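# A structural walkthrough
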Amino acid sequence: MVEAIEKRRLDIQEFEEIWNNAYENEAIYKEKTKAFMTRWSRESLVGWDLFVVTNVFDHGAIEIKSEQTSKIFKVNRHQLKPFYEGFQVTNEEVELVEVPTYRN
């Protein structure tokens, strides 16, 4: 009985050690990921101002190409902000269409 209690105590101690290592590894992973994402976002914003849409896929993905570096990226359409060079707003005439009424 004493051996079983001692084995159980050692098992719990080993489990706590594994738990602590996993917690430390998670903290290290989060720190490294945060540093990488911060560095990447800073690098991606500096100097990358214009992209050209090269392909639009059926499933919603859009392929863009950097004008400065000629790198090609695939992004989803929500990540893009449209830029219309020389786009001018003009007043357009709107033709009103009446909704048809159906009789039974």
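Residues numbered from 1 in each chain as written. Predicted model: local features only at pLDDT ≥ 70, side-chain atom pairs only at ≥ 80, totals over all residues. Heavy atoms only, no water.

### Here's the deal with the overall build of the chain
- For the chain, the helix and strand inventory stands at one helix and three strands.
- Of the regular secondary structure in the chain, the N- to C-terminal order runs α-β-β-β.
- By the burial criterion, 6% of the 104 residues in the chain qualify as buried.
- By element, 55% of the accessible surface of the chain is carried by carbon and sulfur atoms, the whole surface being about 10900 Å². (Helix = DSSP H or I, 4+ residues; strand = E, 2+ residues; numbered from the N terminus. Buried < 20%, exposed > 50% of the residue type's maximum accessible area, 1.4 Å probe, protein only. Areas by Shrake-Rupley, 256 points an atom, 1.4 Å probe, with all protein chains shown as cover.)

### Focus: the pairing of strand β3 (residues 72-76)
- The sheet contact formed by strand β2 (residues 61-66) and β3 spans five bridges and is antiparallel. Bridge pairing in β3 links Ala61 to Asn76. (Pairing = 2+ DSSP bridges.)

### Re the side chain of Ser66
- Relative to the elements of secondary structure, Ser66 occurs in strand β2.
- Sequence-distant contacts of Ser66, defined by excluding residues within four places in its chain, comprise Leu50, Phe51 and Lys71. (Contact = heavy atoms within 4.5 Å.)

### A word on the packing of aromatic side chains
- If you walk through the whole model with that rule in mind, you get two aromatic pairs.
- Ring plane angle 40° and centroid distance 6.2 Å describe the contact between Phe15 and Trp19, whose orientation is recorded as tilted. Pair noted here: Phe15 and Trp19 are both in helix α1 (residues 2-45), with a separation of four residues, about one helical turn. Both residues of the pair, Phe15 and Trp19, belong to the exposed class.
- Sitting over the face of the ring of Phe57, Lys74 holds its NZ or CZ atom 4.8 Å from the ring centroid. (Phe/Tyr/Trp six-rings, centres within 6.5 Å; stacked < 30°, edge-to-face > 60°. Lys NZ or Arg CZ within 6 Å of the ring centre and 35° of its normal.)

### Describing the confidence of the model for the chain
- With 85% of its residues at a pLDDT of at least 70, the chain reaches an overall mean of 79.
- Within the chain, the element-level pLDDT minimum falls on α1, averaging 81, and the maximum on β2, averaging 87. (pLDDT = per-residue confidence, 0-100.)

### A short note on the pattern of salt bridges
- Here the structure, examined in full by the defined rule, presents three salt bridges.
- Glu6 is the salt-bridge partner of Arg9, the closest N and O atoms lying 2.5 Å from each other. Here Arg9 pairs with Glu6, and both are found in helix α1, just three residues apart, close to one helical turn.
- Note that Glu26 is salt-bridged to Lys30, the shortest N-O span being 3.6 Å. Taken together, the positions of Glu26 and Lys30, both in helix α1 and four residues apart, correspond to about one turn of that helix. (Salt bridge = Lys/Arg side-chain N within 4 Å of Asp/Glu carboxyl O.)

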